[in-house]
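Summary of the model geometry
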Amino acid sequence: MNFKIALIRGDGIGPEVVEEAVGVLETVGARFGHSYEWIDVLMGGCAYDAKGTPYPEGTKEACQRADAVLLGAVGGPKWDNLPPALRPEKALLAIRSDLGLYANLRPAALRPALKAACPLRSDIADKGFDLMLLRELTGGIYFGERKRYQTEDRGEEASDLMKYSEMEIERIGRRAFELARLRRKKVVSVDKANVLETSRLWRAVMHRLAAEYPDVAYSDMLVDNCAMQLVRDPSFFDVLVTENMFGDILSDEASMLTGSIGLLPSASIGDRTPGLYEPIHGSAPDIAGQDKANPVAAILSAAMMFRYSFRLAGEAAAIEKAVDLALSSGCRTADMAGSGAPLGTREMGKIIRGNI
Ligand code: ATP
Ligand code: MG
């Protein structure tokens, strides 16, 4: 097949890690008989430098023309003092909203070779875990009405409105059940239904959906309990689905269980729109341009692209296996603990390509 992939190389280590992911995509293409049309798209601090705006005209259209978007990282201290509307992060929010990306997928898997990096008790780490956190990305308290005002007798007062519609809950819920069908067929929906009305609606919609997916095991969990269960035994979970703020907090908790920030990919997806795939790490300006960045998060983002946008699980698995093989044979970049001289970005990419 031929795939159109928009590349947002971005700032800092972004271009370095995207280059390695592109190399891996090319190798997988050669092996499985796919070709690509690359669409280079300017966005972020580099776009501000070149065009005076982090989100230039045409960026959105170029991404919409693609089958999927691969993003490195945008932003950095060089642009931190710009007015908010011109900051690189603003472009990231704009592209997510323009592409209607309401579901954020964050896998947190302990790679077999990195069990020692897991901060959990060794008997728990030995069991390993492989969970997928699905966070609602465009609703809830982060997008509700905000107020701040003076009262007569209680000083200043503030409020944030938490709001969800059945439509918003249903579309993320369906994603969760469909994801589970590609995995171990188990969904845990996380809410605070003992207190919040939005959570009661969330739970009602999820129960209705669960009846439509009888092949998927379903249960509810309160968010406070979930925070505890994640560190008690993450191997209990397959797919976790939750609203925006709970997902924000739980996804950081889950990602720390796996070791290095340089390993974790993510995807943001919507309906009938290209998915956006990116490492969870930022532009790491402290190591940019030094061939030190770990390219694995970007490479695993390319694997997610195959699995969730192109629906080609074999290609995705080939990439993941190549990464695991590199790690289990002792290959490490500087961010991952280990003895011996660390590998550079390009060398790590080359070894992973070789394993494919
Ligand atoms: P952002 O606001 O863009 O998310 P941040 O301030 O959260 O950025 P990162 O850019 O993610 O931070 O960097 C945090 C630390 O992790 C830095 O020390 C950076 O060098 C390191 N780091 C991030 N990504 C990688 C990577 N791929 N390889 C090695 N080290 C990394
Ligand atoms: Mg960050």
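Calculation criteria
Residues numbered from 1 in each chain as written. Chains lettered and ligands numbered in written order. Predicted model: local features only at pLDDT ≥ 70, side-chain atom pairs only at ≥ 80, totals over all residues. Helix = DSSP H or I, 4+ residues; strand = E, 2+ residues; numbered from the N terminus. Rg over C-alpha atoms; globule rule 2.2 N^0.38 Å. Contact = placed C-beta atoms within 7 Å. Buried ≥ 20, exposed ≤ 12 C-beta atoms within 10 Å, placed from the backbone. UniProt positions renumbered as here; feature names shortened; annotations may be inferred. Pairing = 2+ DSSP bridges. Axes fitted to C-alpha atoms, helices over the stretch in contact; angles between N-to-C directions. Near = placed C-beta within 6 Å. Nonpolar A, V, L, I, M, F, W, Y, C, P; charged D, E, K, R; others polar.

**Some words on the overall build of the protein**
- Secondary structure assignment for the protein yields 12 helices and 12 strands.
- Against the 2.2 N^0.38 benchmark of 21 Å for 356 residues, the protein shows a C-alpha radius of gyration of 21 Å, consistent with a compact globule.
- With the C-alpha coordinates aligned to their principal axes, the bounding extent of the protein is approximately 60 × 50 × 40 Å.
- Residue pairs in contact within the protein that sit at least 24 positions apart in sequence constitute 76% of those at least 6 positions apart.

**With respect to unusual backbone geometry**
- The backbone of Lys-185 shows a phi angle near 60 degrees, a positive value even though the residue is not glycine.
- Examined against the element boundaries, Lys-185 turns out to sit in the loop between helix H6 (166-181) and strand E8 (186-191).
- Its 16 C-beta neighbours within 10 Å are what place Lys-185 among the partly exposed residues.
- The backbone of Ala-284 shows a phi angle near 40 degrees, a positive value even though the residue is not glycine.
- You can see Ala-284 is positioned in the loop between strand E12 (275-279) and helix H10 (296-309).

**Details of the UniProt feature "binding site: substrate" (unreviewed entry) in the protein**
- Residues given the UniProt feature "binding site: substrate" (unreviewed entry) here are Arg-96, Arg-106, Arg-135 and Asp-224. These residues run over 129 residues, and the two farthest C-alpha atoms among them are 28.6 Å apart, placing them at more than one spot.
- Take Arg-106: it is sitting in strand E4 (residues 103-109).
- Judged by the 12 C-beta atoms lying within 10 Å of it, Asp-224 falls in the exposed class.

**Some thoughts on the sheet that holds E12**
- The mixed open sheet is built from 10 strands, whose spatial order is E2-E1-E3-E12-E11-E4-E5-E10-E8-E9. Two strands in the sheet have a free side with no partner beyond their single neighbour: strand E2 (35-40) and strand E9 (217-222). Averaged over all neighbouring strand pairs, the angle between strand axes comes to 25 degrees, with direction disregarded.
- Note that E8 and strand E10 (residues 239-242) share 4 bridges and pair parallel. The residue bridging Ser-189 from the neighbouring strand is Val-241, located in E10.
- Lying over the sheet, helix H7 (residues 197-212) contacts E8 and E9, oriented at roughly 165 degrees with respect to E8.

**Some remarks on the site of ligand 1**
- As a matter of local geometry, ligand 1 sits amid 16 residues, with Gly-262, His-281, Gly-282, Ala-284 and Asn-294 nearest to it.
- Of the residues contributing to the shell around ligand 1, the split by class is 8 nonpolar, 6 polar and 2 charged.

**Digging into the environment of Val-28**
- By the element assignment, Val-28 lies in helix H1 (residues 14-32).
- Along the chain, Val-28 and Tyr-149 lie 121 residues apart, while their C-alpha atoms are 57 Å from each other.
- Excluding anything up to four places from it in sequence, Val-28 contacts Glu-315, Ala-318, Ile-319 and Ile-356.

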